[in-house]
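Architecture and fold: a report
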Amino acid sequence: MEKDYLQLALATFNGGMWYGWKTHDSNGDKISNNQRMTYANIEVIKDGATMPSESDVNAKIQELKDAEQAAIDKKASGKQKLKDFGLDDAEINALMGV
């Protein structure tokens, strides 16, 4: 299952669960479930919360993805360094708790 980066990013603004999803558009038509969870359908549900700009949300999404990739890259780099010291995959996995 792919991570929901939009919701992860939104949770970093306004101290947590400040948003919900619109169920109906401005014409009163129901928004289908597969279309609801988009920036355009966010609604502020917490008093005092402000709507971040779409560019701020997109920047946060990219920041989260970059941090995740950096962690993956560091893990791979660490494994390679251990291999360079002569450890085999079983030993490396044992050290990493895999």
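This text gives an overview of the structure that appears in the document. Owing to the predicted nature of the structure, the values given are computational and were not obtained by experimental measurement. (Residues numbered from 1 in each chain as written. Predicted model: local features only at pLDDT ≥ 70, side-chain atom pairs only at ≥ 80, totals over all residues. Heavy atoms only, no water.)

Points about the overall build of the protein
Check the secondary structure of the protein and you find 4 helices and 2 strands. A compact globule built from 98 residues would reach a C-alpha radius of gyration of about 13 Å, whereas the protein, at 20 Å, exceeds it by more than 25%. Summarising its shape, the C-alpha atoms of the protein cover approximately 65 × 25 × 20 Å along the three principal directions. Within the protein, the fraction of its 98 residues that count as buried is 19%. If you sum the accessible surface of the protein, you get close to 7100 Å²; carbon and sulfur atoms cover 52% of it. Of the side chains in the protein, 12 bear a positive and 16 a negative charge, and the two mean positions are spaced by 3 Å. (Helix = DSSP H or I, 4+ residues; strand = E, 2+ residues; numbered from the N terminus. Rg over C-alpha atoms; globule rule 2.2 N^0.38 Å. Buried < 20%, exposed > 50% of the residue type's maximum accessible area, 1.4 Å probe, protein only. Areas by Shrake-Rupley, 256 points an atom, 1.4 Å probe, with all protein chains shown as cover. Lys, Arg positive; Asp, Glu negative; His and termini not counted. Charge placed at Lys NZ, Arg CZ, Asp CG, Glu CD.)

Some points on unusual backbone geometry
The bulk of non-glycine residues show a negative phi, and the bulk of peptide bonds are trans. Despite not being glycine, Asn14 has its phi angle at roughly 55°, a positive value. On the accessibility criterion, Asn14 (26% relative accessible area) is partly exposed.

Focus: the nonpolar core
Core analysis: the largest hydrophobic core is formed by 12 residues, namely Tyr5, Leu6, Ala9, Leu10, Phe13, Trp18, Tyr19, Trp21, Ile42, Ala49, Val57 and Ile61. Of all the elements, helix H1 (residues 5–10) adds the most residues to this core, at 4 residues. In contact with Tyr19, other than residues within four places in its own chain, are Gln7, Leu10, Ala11, Ile42, Glu43 and Ile45. (Core = buried A, V, L, I, M, F, W, Y, C linked by side-chain atoms within 4.5 Å. Contact = heavy atoms within 4.5 Å.)

What to know about the environment of Gly16
As for its placement among the helices and strands, Gly16 is situated in the loop between H1 and strand S1 (19–21). As for Gly16 and Lys46, which are separated by 30 residues in sequence, their C-alpha atoms are 9.6 Å apart.

Observations regarding the environment of Leu82
Counting through the fold element by element, Leu82 comes out in helix H3 (residues 54–84). It is 37 Å that separates the C-alpha atoms of Leu82 and Ala11, two residues lying 71 residues apart in sequence. The residues touching Leu82, leaving out its near neighbours within four places in the chain, are Leu87, Ile92 and Leu95.

Quick look at H3
Here H3 contains 31 residues, and its C-alpha end-to-end distance of 45 Å stays within 8% of the 45 Å for a straight helix at 1.5 Å per residue. Three or more residues of H3 are buried, namely Val57, Lys60 and Ile61. On its buried face, H3 sits against H1. (Expected span 1.5 Å × (residues − 1).)

Regarding the packing of aromatic side chains
Under the definition given, this model contains 2 aromatic pairs. With a centroid separation of 5.3 Å and an interplanar angle of 65°, the aromatic rings of Trp18 and Tyr19 are classed as edge-to-face. In this pair, the class of Trp18 matches that of Tyr19, namely buried. With centroids separated by 5.6 Å and ring planes inclined at 75°, the aromatic side chains of Tyr19 and Trp21 adopt a geometry described as edge-to-face. Accessibility classification places Tyr19 together with Trp21 in one group, the buried group. (Phe/Tyr/Trp six-rings, centres within 6.5 Å; stacked < 30°, edge-to-face > 60°.)

Considering a nonpolar patch on the surface
On the surface, Leu95, Met96 and Val98 cluster together into a nonpolar patch covering about 320 Å² of accessible area. Residue position: Leu95 is located in helix H4 (residues 89–96). (Patch = residues over 30% accessible without salt bridge, like charges linked within 9 Å, V, L, I, M, F, W, Y side chains within 5 Å. Salt bridge = Lys/Arg side-chain N within 4 Å of Asp/Glu carboxyl O.)

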